[in-house]
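Read off the chains here:
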Amino acid sequence: MSASVFAHVPLVPGDPILGITDVFNKDERPFKANLGVGIYCDDSGKIPVLESVKAIETSLLQNVRPRPYLPIDGLPSYNAATQKLLFGADSELLAAGRVTTAQTLGGSGALRVGADLLKAQLPFAKIAISAPSWENHRAIFGAAGFEIVDYRYYDAPSHGLDFAGMLEDLGKLEPASVVLLHACCHNPTGVDLDKDQWKQVAELCKERGLVPFIDIAYQGFDKDAESDAFAVRLFGEVGVTAYVVASSYSKSFSLYGERVGAVSVVTADKDEAKRVNSQIKRVIRATYSNNPTHGATLVSGVLASDELRALWLKELGGMRERIHTMRGALVQKLAELGAPEYGFIQHQAGMFSYSGLSAAQVERLASEFGVYAVNTGRICVAALRSSNVEHVAKAVYAVSKG
């Protein structure tokens, strides 16, 4: 027999984050805690089904319809609702027709479609990504053919932002370079820019002719849905004529498995938006052809109803406040144990915290205490609950003090 064409294919290591769940599931200790994967759970440890979403789903079951192919760029009502949520119902960009939006397969799909779009138009451009960033950012833009460079972001000694380093690095980029930015709830650090810092970054991008690529996967998980979109709207307000936004409803609607995302591109004018839309549809058609119907129908149904939108915002606020509460509880319990230096966790935003724990300490957390985290020290505070936060605090204290 001749050798298989796959005989020399190397084995790719498993995903370092998703692989944590596999190990966690095999752990039989009753006090175990999975702080690795970025999924919001309620205080009972379950992924919630939002009442606002359930209302639309119930109505769909009562009136089952045929499921034809959607347009290549997705459900029109979903795209329109996404634009208003991101840019504001009274957005001048939307009124001028300068934004084109396409439904995608989750936030990752939005990133890849946007990456392919930009690579075709800017074949020699580099992309600058924060150090650190979500690991899949590198995989997605690398697979699209981009050369990736880092810009300074996280300052480990202060557990905060190296803003001076960030500005210096962005200021050295060539014009037409792409800059990946986290709109809010930075993954993995939880460290965000304030409004004044965002304004400086936006002005720098405008002055140097950089192309912002904004990833917003956690809208509503820091302050509220409107405030968390500040950066998305700011770049248009300062006069940046072209930028890309990748958004996701996985977290905010608790629809992880439905893969509901969108890519939005801000252009110079309405005609340009039409031409860019045609290029987006070319990318989608050549990769997965069409988007699924169900998740987009749920989201657009909620956002189209004043009553259900208000209910969703209330439910989103409840998730946000629970995360804030868990941050505070972890900090308080660590302080009571004699580790007040972890107070910085309460000042970080969103689902994640860069705890400062080393890979060796993270390994001890798992082996000795059944507490699982990413080896970078990133923990998902959204997975904490009142029944395990004390155990987690004691585990963190133990591995950090001895």
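Further up the page is the structure itself.
Conventions adopted
Residues numbered from 1 in each chain as written. Predicted model: local features only at pLDDT ≥ 70, side-chain atom pairs only at ≥ 80, totals over all residues. Heavy atoms only, no water. Helix = DSSP H or I, 4+ residues; strand = E, 2+ residues; numbered from the N terminus. Rg over C-alpha atoms; globule rule 2.2 N^0.38 Å. Buried < 20%, exposed > 50% of the residue type's maximum accessible area, 1.4 Å probe, protein only. Contact = heavy atoms within 4.5 Å. Axes fitted to C-alpha atoms, helices over the stretch in contact; angles between N-to-C directions. 1 Å grid on protein atoms, 1.4 Å probe; cavity = no way out; pocket = protein on both sides within 12 Å on 5 of 7 lines; lining within 4 Å. Points joined across faces, edges and corners; volume = space filled by probe spheres on them. Nonpolar A, V, L, I, M, F, W, Y, C, P; charged D, E, K, R; others polar. Pairing = 2+ DSSP bridges. Left-handed = near helix turned anticlockwise from the far one by under 90°. Phe/Tyr/Trp six-rings, centres within 6.5 Å; stacked < 30°, edge-to-face > 60°. Lys NZ or Arg CZ within 6 Å of the ring centre and 35° of its normal. Salt bridge = Lys/Arg side-chain N within 4 Å of Asp/Glu carboxyl O. Arc of directions from axis to C-beta.

(A) Main features of the overall build of the protein. Within the protein, the secondary structure is distributed over 14 helices and 13 strands. Computed over its C-alpha atoms, the radius of gyration of the protein comes to 22 Å, within 12% of the 21 Å expected for a compact globule of 402 residues. When the backbone C-alpha atoms are referred to their principal axes, the protein occupies close to 65 × 65 × 60 Å. A buried classification covers 53% of the 402 residues belonging to the protein. For the protein, long-range pairs separated by at least 24 residues make up 75% of all intrachain contacts whose partners lie at least 6 apart in sequence.

(B) Fine view of the packing of helix α2 (residues 51–62) against helix α12 (residues 306–337). Where α2 contacts α12, the axes come no closer than 8 Å and their chain directions differ by 145 degrees. Here α2 contributes Glu 51, Ser 52, Ala 55 and Ile 56 to the contact with α12, which in turn contributes Leu 308, Leu 311, Trp 312 and Glu 315.

(C) Highlighting empty space enclosed by the protein. Counted by the stated rule, this structure contains three cavities of 30 Å³ or more. In this structure, the largest cavity occupies an estimated 50 Å³ of space. Every residue lining the largest cavity is listed: Leu 85, Leu 86, Gln 219, Ser 247, Ser 248, Tyr 249 and Ser 252. Looking at the lining of the largest cavity, the elements with two or more residues in it are α3 (76–87) and β9 (243–248). Split by residue class, the lining of the largest cavity holds three nonpolar, four polar and no charged.

(D) Broad picture of the sheet that holds strand β3 (residues 126–131). Here we have seven strands laid out as an open sheet, ordered β2-β10-β9-β8-β7-β3-β4, and mixed in their pairing. Lying at the two open borders of the sheet, with one neighbouring strand each, are β2 (99–105) and β4 (147–152). Across the sheet, the mean angle separating the axes of adjacent strands is 25 degrees when strand polarity is ignored. Of the strand pairs in this sheet, β2 and strand β10 (residues 260–266) are connected by seven bridges, and their pairing is antiparallel. Bridge pairing links Thr 101 to Ser 264 in β10.

(E) Broad picture of the environment of Gly 45. Mapped onto the fold, Gly 45 is located in the loop between β1 (33–34) and α2. Placed 341 residues apart in sequence, Gly 45 and Ser 386 show a C-alpha to C-alpha distance of 9.8 Å.

(F) Quick look at the packing of helix α5 (residues 106–121) against helix α6 (residues 135–143). Viewed as axis vectors pointing N to C, α5 and α6 meet at an angle of 35 degrees, and their least axial separation amounts to 9 Å. Taken as a pair, α5 and α6 cross one another with a handedness that is right-handed. On α6, the residues that touch Ser 108, Leu 111, Arg 112 and Ala 115 of α5 are Asn 136, His 137, Ile 140, Phe 141 and Ala 143. Its residues assigned to classes, the contact of α5 with α6 comprises five nonpolar, three polar and one charged.

(G) View of the packing of aromatic side chains. Applying the stated criterion to the full structure yields twelve aromatic pairs. Here the aromatic rings of Tyr 249 and Phe 253 are separated by 5.3 Å at their centres, their planes lie at 90 degrees, and the arrangement is edge-to-face. Considered together, Tyr 249 and Phe 253 belong to a single accessibility category, that of buried residues. Aromatic ring contacts, followed pair by pair, group Tyr 78, Tyr 249, Phe 253 and Trp 312 into a single cluster. The ring of Phe 24 carries Lys 32 above its face, with NZ or CZ at 4.3 Å from the centroid.

(H) Geometry of the pattern of salt bridges. All chains considered together, the criterion is met by 15 salt bridges. A salt bridge links Glu 168 to Lys 172, with the nearest nitrogen and oxygen atoms 3.5 Å apart. On the basis of relative accessibility, which here comes to 56%, the residue Lys 172 falls in the exposed class. Between Asp 222 and Lys 223 there is a salt bridge, with the nearest N and O atoms lying 3.2 Å from each other. Judged by its relative accessible area of 52%, Lys 223 is exposed. Residues joined by salt bridges that share partners form a network here, namely Arg 152, Glu 168, Asp 169 and Lys 172.

(I) The environment of Gly 88, seen in detail. Relative to the helices and strands, Gly 88 resides in the loop between α3 and α4 (92–95). On the basis of relative accessibility, which here comes to 7%, the residue Gly 88 falls in the buried class. Along the sequence, Gly 88 and Thr 21 sit 67 residues apart, while their C-alpha atoms lie 37 Å from each other. Apart from the residues within four sequence positions on either side, Gly 88 is in contact with Gln 83, Leu 94 and Arg 233.

(J) Representation of helix α7 (residues 163–171) within the structure. Listing the buried residues of α7 in full gives Phe 163, Gly 165, Met 166, Asp 169 and Leu 170. Summarising the axial view, the buried residues of α7 lie within an arc of 160 degrees, below the 170-degree limit, and thus occupy one face. Buried residues in α7 make contact with β4, β6 (160–161), β7 (178–182) and α8 (195–208).

(K) Broad picture of unusual backbone geometry. Put simply, Ala 131 and Pro 132 share a cis peptide bond, and its omega is 5 degrees. Residue position: Pro 132 is located in the loop between β3 and α6. The backbone phi angle of His 159 is positive, close to 55 degrees, even though this residue is not glycine. With a relative accessible area of 23%, His 159 lands in the partly exposed category. At Arg 259, a position not held by glycine, the phi torsion is positive, near 55 degrees. Looking at the secondary structure, you find Arg 259 in the loop between β9 and β10. Exposure remark for Arg 259: the relative accessible area of 32% places this residue in the partly exposed category.

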